[in-house]
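# A closer look at the structure
So the chains spell out like this:
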Amino acid sequence: MYTRAKTLSDVSHPRTELRAGGTDLQERLRTGVASLPLVDISRIPGLDRVHLRGDGADLGALVTIREVGAHPDLQQRYPALTLPAQLLATPQARMRGTMGGVLCQRTRCWYYRNPEMACPKKGNAERCPSREGNHHFGVCFDFGPCVYPHPSSIGCALLTYDASLSVTGRGRITVSELYGDGTAYRDHTLEPGEMITAIHLPAPAPGERGGYQRLMSRALAEWPLVEVVVRLVVDDGKIRLARVAVGGVANIPFRLTEVEQALEGQPPSDSHLEAAARLATRRASPLPQTHYKVAMVEALVLSTLQQARDDGSGALGFAM
Amino acid sequence: MDARETKVIAAEALINGKRRSLRFDARAAAAEVIRDQLDLTGTKVVCAAGVCGACTVLIDGMPATSCTLPACALDGAEVRTIEDMDRDGLHPVQRAFLAHDGLQCGYCTPGFIVESISFFDRWREKHGKTEPPRDAIAHALSGHLCRCGAYVGIYDAVAAACRGDFDAATPFDYPRHEGPEKVTGRARYTTDVRYDGMLVARYLGSAHTHARIVNVRFEAALAIDGVLAIIDVLTDPHRVARYAGQPIAAVAAVDEATAERALAAIEVDYEPRPFVVDPAAALAKDAPAVYPEPKKRPANASEGPIPPGKWEGNLRTPVLNKLLSTQRSRAEKRLASARAGAPGLVFVEGIYQTGGQSHTALEPHCCVALWKEGHLTVHTSTQSVHLLMEELAERYKLRHDRVSVHAEYVGGAFGGKQGLQLEHTTAVELARVTGRPVRLVLSRHEEMVFGGYRPLTHIELSAVTNDKLEPLGITMRAYGTAGVAVQSQSAPWVRMTYAGPKDLHDFDVTTNTSPGRPMRAPGGPPAFWALESLMDELAHRTGTDPIALRRKWDDSNVRHGLYDWAESLPAWKSRGPAGSGTGRFRSGVGLAIGNWFSAFHNATQIQLDASAEGITARCAVQDMGNGSRSVIAKAVAEGLGVPFRDIHVDIGLSSHPPGPNSSASRTTASIYPTSVEAAEMLRKALVAAAKKAGLKSPVYEPGGVRHEGGFLPLAELLRSLEKPITVVSKKRGGNSTFDLLGAMPSGRMGISMFPKMTGSVAVVSVDVDLRLGRVHPRKVWLGLAAGRILNPELARSQAYGAVIQSLGAALTEERHYDPRTGHLLSANLEDYRIPGIGDIPPIEVFFDESGFEKLKGGASGMSELAALPTAAALGNAVFNATGWRPHDIPLRPQRVQQHTAHLLG
């Protein structure tokens, strides 16, 4: 079954899968991992605009990732958002992938994606097969039953801005509310028929700096072992505001508030950044095969903090 | 509401400038519509998951992967595919790809071209006619993967196009004969072959990792409308599936969806058995046996026959081991006394391991088969057109002229597509029972599961020397794991490289995983990873220069020129002592060597047909990106003194005179001298024809015939021919197999050996990021001594590709299984990480062409030789940078960080 939604009211079917860019869904449709009826939301009018307000910005759910990454005003105001938007996935995926879709991606778990394997997120298993099986790329912050990292880099970035989301039928929710606490077998908390329509970014502070790094085995275009988003405001030799979110290490994107607290009010010297980065893994609880990620989290947090301090820009010279 | 129920959508799109009405299922991807409905097969589907970019098209001016693009998005859109890129003649980017040889097999090329053209337009708009930095090109093309490793040429091509080198449509030179077909998407591969009434075949794979197949019932599946046939394809004589996904049955149906439904309806009764997937666990005392039956019929991971072996559980000892060693007891004694601390002896030992490396050629294993009036036609992606024809004829009891094998274009092979394979017998048998053409194309998942991989190794190695640095002994115990297959040999390469006594053993450790297959220099890269890491350690331990030590130990003079060259490299000369750097980033330089045999196929013949239409060279050889067409065209063109592109080359068809398998690096050494000979024969025939036509004292001169009345250009002479001329080069004669160890197959495979080994040396410089555990190769130098280089651009492309595949094995590529079910988890191009363009450093290739004058044609193959030394040179560079000696590859970040992070303090 297939419906092409003309307005938001066409979206509210129970038991459907929404399709915008298709970058995630098409693969799951091909392998049979996704099998619900489709609602095509890609042509709902009015959702594909970036609206800059004096006190913030609104991004329609159908705005593409590329558009966000390449937007000069967003680069200047929200560097910690535009950096991942220029580096995640592939250029082609950023071209078609939408901001709403990238937040609602399903897990990249090699059990979930493999049509031969059972997984609770597909509804054909009771327990996470990766936890007792191979979780080489799994979490090192063990928040809940699923041990595969959440894929949304943009989710991490939005956490650093305390962004909120407009969701049909639910009004405004926070990004943390979108993802919950990781204790359920879900990739997000939206119910079928609910849809993100817009992302709202609060006003940036003067002197916003951003940092974003992905630790991968290749140079580009790979799901990260660890990724870190840093938002930093430095004023008069002191860190006035620090936000650090981490991905690739838990089944939800989340903030390292212990690192943030240690940074705020301190000068951005190497020794202070190092001391704060050491707190990054306080809550870590690695699995047998993911101990290696713990050291990587601390290393990448430090490296990304240094990037935000030393460069901080939201534009990448080579992004086209 | 049935979610699987199809809903047909009607859409209109502007495709390559033409308005087209389309109809498709709402769930379909645009790639399916583009390839199957519009027959625009230049757009290739490889990963089908948005990772590799082969299917990239422009939609409303911007690139998108059409495998993840909903077909519904085509409605009202303007789409341009590769077929439209030369609308106004070749685009500057296409010309640049040709001139800089930014392609090999050509399967990824359409995607790269479309993306590069889009980048070119945006770059020009923003920066004018300037050259983009390497980083910008890497980012723009990061959504594309090339398995041949054509990235060096791609960088150069995109840079040259952007800075304006190819803006003018003036004539230009390019080295790859069939390049224009590949950069325009016109090259038709097996996956692009379409016949009317063609059926689609699919495999049912074993749901269990080890199980006896008690019963299989097809009735329910056969009752489905559109299912035409189902056959049993389990080849195991004991009716046992020994790895997860092993093909049990195959379905032929009218389309993919119907075949899919049929697979689900096949009923299989399994009797599951215990299994083992980990090689170390397979050697445990109570490990489940992969072959518990007394009569074992393991698959073959090598290119030769399987010699007898002794089995203890999953450990197999081939009898061949006796032949591997030389002065064995002397090696053992020296090792024992060195171990006991005898004065004057220096002893090093280590355990070195390599992971399995998947071939994952971008064109998967595939076959289109049809029978017509007792004639069998097979289109397939193969590296052995001629051999496959012979094997099919034998299997189906047909005369050779009743079998046609077509492989005009082959989208990569790397050793994994040799001879008669399951995809052939499956498609052929389904075509026979249905009486219709049948197409079987493995999905990427299947290709990753059973398309082949280089076996895993665990190699225990030691070496002894004295204060004079004499080669006193090498001992080796190599355990290879090729899953359910055997014969992954590493020891022969160690025997053939260094002098001195040797005690060498190869073993197989079987597991319940899919069979490994021969891969580019089978057994070689793991052997040289171990051997050359150990030699570096020996140099370090004795305080010797690594090149000086190798000069002492090397059993051959083939590398002398390469050692001189390596010693002259500034990067090598200026390297510091191991582990002497400070800070987060440590730099190092390493070196390693490779050694490989020089082979040819003695039955290869080249046919030349000369007529008014021109000159066509014919041979049942194939071109998988290795440059067969170009070698033939160049040899014939030089022989006749005409431009390279005036020679037509018609290969990839088994009815032509026999050609070599493209394996054992023997393609060039087989087709070059025979092409030269054929050209010589044609010259004589043309002179004879000229004489017959009444010309006085004709002699052949470059480009035509000189006679008393003047000069007759070749083209005119051809036009005046009374009847076409055909010449065929002679067979090289006899089976002069110089068989180095008694291990190499001869006979039908037809490997003849030239009695001198070829040599390689690699130097690699790296930066190691201690904080993140990342190894960044900064530059690779590769020196090759393999005789004459006939076509330098293509030889360099081959060498680059070998280096790049070695970097993948050394840094990123790793196969992962589920320990509880035995299924392969890294069964896609997202979880199995082959190098991308951003991972490729500048690569410099040096050829020492001396030393092979006695080989007919003077040119040896080098595709395997080039694949040997890079990994160990990189490992040795990491040692030089950090003081930590890597033993296991791949050097993924966690492995490096685990061993080096403490250096940061």
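Everything numeric here is computed off the predicted structure, so don't read it as measured data. (Residues numbered from 1 in each chain as written. Chains lettered and ligands numbered in written order. Predicted model: local features only at pLDDT ≥ 70, side-chain atom pairs only at ≥ 80, totals over all residues.)

So, on to the overall build of chain A. Each helix and strand in chain A was counted, giving twelve helices and twelve strands. Over its C-alpha trace chain A gives a radius of gyration of 19 Å, about what one expects of a compact globule, namely 20 Å for 320 residues. Across its three principal axes, chain A shows a C-alpha extent of roughly 60 × 50 × 35 Å. Looking at chain A residue by residue over its 320 residues, the buried ones come to 59%. Counting only contacts in chain A whose residues sit at least 6 apart along the sequence, the fraction spanning at least 24 positions is 64%. (Helix = DSSP H or I, 4+ residues; strand = E, 2+ residues; numbered from the N terminus. Rg over C-alpha atoms; globule rule 2.2 N^0.38 Å. Buried ≥ 20, exposed ≤ 12 C-beta atoms within 10 Å, placed from the backbone. Contact = placed C-beta atoms within 7 Å.)

Looking now at the interface of chain A and chain B. Contacts between the two partners involve 47 residues from chain A and, on the opposite side, 60 residues from chain B. Mapped by element, the contributors of at least two residues to the side of chain A that touches chain B are α1 (25-31), β3 (38-40), α5 (91-96) and α12 (291-310) of chain A. At six residues, the largest contribution of residues to the side of chain A that touches chain B is made by α12 of chain A.

Each regular strand shows side chains that alternate between the opposite faces of the sheet. Residue and element names in this part refer to chain B. Sheet topology places strand β30 (residues 699-701) next to strand β31 (residues 704-707); three bridges connect them, and they run antiparallel. Considered in β31, the bridge of V699 is made with R706. What sits between the antiparallel neighbours β30 and β31 is a turn of two residues, in which G703 has the positive phi angle 95 degrees. The turn joining β31 and strand β32 (residues 710-713), which pair antiparallel and follow one another in sequence, is formed by two residues. (Pairing = 2+ DSSP bridges.)

With that out of the way, let us pick up the sheet that holds strand β7 (residues 171-174) of chain A. Sheet strands pair by backbone hydrogen bonding; their relative direction is either parallel or antiparallel. Residues and elements named next belong to chain A. Strand order in this open sheet of five strands is β4-β5-β8-β6-β7, and the pairing throughout is antiparallel. Only two strands of the sheet have a single neighbouring strand rather than two, namely β4 (50-53) and β7. On average, each strand axis in the sheet is inclined to that of its neighbour by 25 degrees, with strand direction left out of account. Relative to strand β5 (residues 56-60), β4 runs antiparallel, the two sharing four bridges. When the bridges of β5 are listed, L52 appears paired with A57. (Axes fitted to C-alpha atoms, helices over the stretch in contact; angles between N-to-C directions.)

This part covers the packing of helix α4 (residues 79-87) of chain A against helix α8 (residues 153-160) of chain A. All names here are of chain A. Running from N to C, α4 and α8 cross one another at 175 degrees; their axes reach a closest spacing of 8 Å. Taken together, the axes of α4 and α8 are roughly antiparallel relative to one another. Facing A80, L81, P84 and A85 of α4, the residues of α8 in contact are S153, I154, A157, L158 and T160. For the contact of α4 with α8, the per-class residue count stands at seven nonpolar, two polar and no charged. (Parallel < 35°, antiparallel > 145°, perpendicular 65-115°, else oblique. Nonpolar A, V, L, I, M, F, W, Y, C, P; charged D, E, K, R; others polar.)

In this structure, V301 of chain A together with V251 and V636 of chain B are the most contacted members of the largest nonpolar core, which totals 375 residues. Considering every element that reaches this core, the biggest residue donor is helix α23 (residues 792-811) of chain B, with eleven residues. Apart from residues lying up to four places away in sequence, V636 of chain B is in contact with L608, I615, A617, I647, S675, A678 and A679 of chain B. A299, A301, A482 and V484 of chain B belong to the second largest nonpolar core, which has ten residues in total. (Core = buried A, V, L, I, M, F, W, Y, C linked by C-beta atoms within 7 Å.)

Glancing now at the environment of A873 of chain B. Residue and element names in this part refer to chain B. With respect to the helices, strands and loops of the structure, A873 is situated in helix α24 (residues 870-882). We classify A873 as buried; it has 34 C-beta atoms within 10 Å. Those residues in contact with A873 that lie beyond four places of it in its chain are G590, L591, A592, A762, V763 and V764.

Residue and element names in this part refer to chain B. Counting through the fold element by element, P886 comes out in the loop between α24 and β37 (888-889). Residues P886 and Q353 lie 533 residues apart in sequence; the distance between their C-alpha atoms is 9.7 Å. With residues up to four places along the chain from it excluded, the contact list for P886 reads G875, V878, F879 and L891.

Residues and elements named next belong to chain B. A residue-level look at chain B finds 97% of positions with pLDDT of 70 or above and a mean pLDDT of 95. This model gives residues 734-747 a pLDDT under 50, and the stretch forms 32 contacts once residues within four places in sequence are excluded. As a predicted assembly, this complex carries a pTM of 0.97 together with an ipTM value of 0.97. (pLDDT = per-residue confidence, 0-100.)

What follows covers the sheet that holds strand β9 (residues 240-241) of chain B. All names here are of chain B. Taken together, the three strands give an open sheet; going across it, the order is β9-β7-β11, and neighbouring strands pair in antiparallel fashion. Two strands in the sheet have a free side with no partner beyond their single neighbour: β9 and β11 (267-272). Two strands pair when backbone bridges link them, and strand β7 (residues 211-217) and β11 are joined in this way by six bridges, in the antiparallel orientation. Looking across to β11, one finds that R212 is bridged to E271.

Residues and elements named next belong to chain B. Those residues of helix α18 (residues 560-568) that sit buried are L562, Y563 and A566. The buried side chains of α18 occupy one side of the element, clustering within an arc of 100 degrees when seen end-on. Structurally, α18 contributes buried residues whose contacts are with α17 (546-553), α19 (570-573), β26 (585-600), β34 (752-769) and β35 (774-785). (Arc of directions from axis to C-beta.)

The next point concerns the packing of α12 of chain A against helix α25 (residues 893-900) of chain B. Look at α12 of chain A against α25 of chain B: their axes get within 10 Å of each other, and the N-to-C directions meet at 75 degrees. Taken together, the axes of α12 of chain A and α25 of chain B lie roughly perpendicular to each other. Across from Y292, A295 and M296 of chain A in α12 of chain A, the residues of α25 of chain B making contact are Q894, Q897 and Q898 of chain B. When its residues are assigned to classes, the contact of α12 of chain A with α25 of chain B shows three nonpolar, three polar and no charged.

Let us now look at the pairing of strand β6 (residues 164-167) of chain A. Residue and element names in this part refer to chain A. By the bridge criterion, four bridges tie β6 to β7 in an arrangement that is antiparallel. Within β7, the position partnered with L165 by the bridge is I173. Once β6 ends, the chain turns through three residues before running back antiparallel as β7, passing G169 with a positive phi of about 80 degrees. Relative to strand β8 (residues 196-202), β6 runs antiparallel, the two being bridged by four bridges. In the strand pairing of β8, L165 is matched with I199.

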